[in-house]
Amino acid sequence: MKDQFCSFYTNSEDITFYMSSRLGIHDGDIILEPSAGEGIFIDEVLKTKKEVHIDALDINDDAISVLQKKYDDNPDVDVRKTDTLFDPQLDKYDISQLWLKQTDTLLDEQLDFFNSTGGYYTGVIGNPPYGAWQDYERRDQLKKKYVGQYVKETYSLFLLRCISVLKLKGRLSFIIPDTFLYVNMHTKLRELLLKKTKIEEIIIFPSKFFPGISFGYSNLCIITLERSEMQDAINNSVKIYRGFKKSEEFRQLIANDTLPAYIEHFNLKQSEVLSNPQHRFVFADNQIVSLLKETTVNLGDVADVVTGFYTGNNTKFIKAASNAVKGSKNYEVIDPSMIVDNSSTDGEPNLPEAYIPFIKSASDRRYVRSREDWYVRWDSETVSFYKADKKARFQNYEYYFKTGIGIPMVKSSRIKAFLMQNRVFDQSIVGIFPKDKTKLNYILALMNSDIINQIIHIINPTANNSANYIKLIPYIEPSSMLLDEISETVDRIVELSENIDDKTIKQMEDKIDSMITSIYLVSSHKQAK
């Protein structure tokens, strides 16, 4: 279940058994459950029959009431209502130097001292809240306490907080979204994990393993780690598993049974992950890893990559071409007489209400869009409103009506990049505008290639293709002869797409794809040497 604090209570015996087993509980352990909820993990720890003390914390009155009744007669479980991130009792054990002190030296004496002292708990287990909205006052407080960390997402701060109250060699097992492995805002958290803990194991699985819960933007994972000194941390190798089809398979990990062939297994040395751009965890073969590490030019160096425009009230200012347009249920259908040919960022001056074609959705095919589905109001008065309204985002307007490449921000298994010409594009579209316009066709071909599609999903496996990740795509340019051949083939696809059969178009697309794959794999082979 989920409460108002975005705590997703764990109701899977497979998950709780796995995490308790990975915690390695011994007599005399002092264990923290920082978001105890209904006490599911506490119950699992108590099943071990070990003599332990457990501190059970939660901010939710209902949860505290349940916990107090449940453990009223158990002196080894201390229930406390508190905000874990600011709890003064935890402050007494906290080693905030783990993230406050910055050093490039692996043998920093002061940091070694802090690493070997402090802490209180020998174990932490839990499922911290994630996705909870932090109001601006609380964000300011969190920024002061967790200096340099991303404070808009709660789970990362819970992870940081709980590592800081662990004793050296203390262990932690947490369920959290897997976004900390990839996304840019968690770069500092990854650095801390890789330098200050030995990550024993990460298992990645669909959120649907939680009864009644499904996230669209990411998977979940269980991370098991041990707080350690830096030298031990960077020499450690992380075991990572993904591809699970059912939670019962977690028990096979505990029993060291042979796993099904569809479950992927990676061993990543923490020092190597540290050397990746943004310390990102990369699950790929050596060729792709080499491309991401060694390629010196990225797409963001050769093209401007930007997001588009938001009206502030789409159902008011946007109309659909027809009722058949996907997602048009709450939108009015455009009157064709209101459509104008206008390409000014000041809007149409001669009409009180006017509309222009608007790119708001994914394309149904690669390279070119086959139809106009949406229209946005664009008379001068309304455009002036967009520019002044606090809800609207008249951003990156210098790219409106320019020739570029569009891809949807919402990720699909196969990205379909398309040509944009003389159009305004929505904030749900990422626009790519080559600095050298002669490279437009080549970059359009890149964005439709299998290998770039693969790289995009490796750079950021979550649900969104935000501009900041698209900028990180390695850019490799072939010989001028091959560049011309690809560009000419793209021209033919664009010119003939409406007048030729799909089979012929597919043959041309496959030819381009084969050439680009060769360009990138040959380059990765050279870099690997």
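The coordinates are above.
Residues numbered from 1 in each chain as written. Predicted model: local features only at pLDDT ≥ 70, side-chain atom pairs only at ≥ 80, totals over all residues. Heavy atoms only, no water.

Asks: Which residues make up the sheet that holds strand β3 (residues 77-81), and what values go with them?
Replies: Across the sheet, which stays open at both edges, the nine strands sit in the order β3-β2-β1-β4-β5-β7-β6-β8-β9 with mixed pairing between neighbours. Looking along the sheet, the strands with just one partner apiece sit at the ends: β3 and β9 (264-269). Taken over all neighbouring pairs, the strand axes of this sheet differ in orientation by 15 degrees on average, direction set aside. Set on the sheet, helix α3 (residues 61-70) makes contact with β2 (53-58) and β3; between it and β3 the angle comes to about 160 degrees. Contacts from helix α8 (residues 154-164) reach β1 (30-33), β4 (121-126), β5 (166-177), β6 (197-205) and β7 (220-227) within the one sheet, and its direction differs from that of β5 by about 165 degrees. (Pairing = 2+ DSSP bridges. Helix = DSSP H or I, 4+ residues; strand = E, 2+ residues; numbered from the N terminus. Axes fitted to C-alpha atoms, helices over the stretch in contact; angles between N-to-C directions. Contact = heavy atoms within 4.5 Å.)

Asks: Which residues make up the packing of aromatic side chains, and what values go with them?
Replies: Taken as a whole, this structure holds 28 aromatic pairs when the rule is applied. Ring centres 6.1 Å apart and planes at 20 degrees place the aromatic pair Trp378 and Phe394 in the stacked group. Separated by 16 residues along the polypeptide, Trp378 in the loop between β13 (374-377) and α16 (380-388) and Phe394 in the loop between α16 and β14 (404-408) bring together distant segments of the chain. For the pair Trp378 and Phe394, a shared accessibility class is recorded, and that class is buried. Stacked on the ring of Phe17, the Lys or Arg Arg251 has its end atom at 4.5 Å from the ring centre. For the cation-ring pair, Lys360 lies above Trp374, with the distance from its terminal atom to the ring centre recorded as 4.4 Å. (Phe/Tyr/Trp six-rings, centres within 6.5 Å; stacked < 30°, edge-to-face > 60°. Buried < 20%, exposed > 50% of the residue type's maximum accessible area, 1.4 Å probe, protein only. Lys NZ or Arg CZ within 6 Å of the ring centre and 35° of its normal.)

Asks: Please provide a residue-by-residue account of the pattern of salt bridges, values included.
Replies: Scanning the model with the defined rule gives 28 salt bridges in all. Measuring nitrogen to oxygen at the nearest pair gives 2.8 Å for the salt bridge that ties Asp436 to Lys439. The network of salt bridges with common partners includes Arg22, Arg171, Lys198, Glu200, Glu201 and Glu226. (Salt bridge = Lys/Arg side-chain N within 4 Å of Asp/Glu carboxyl O.)

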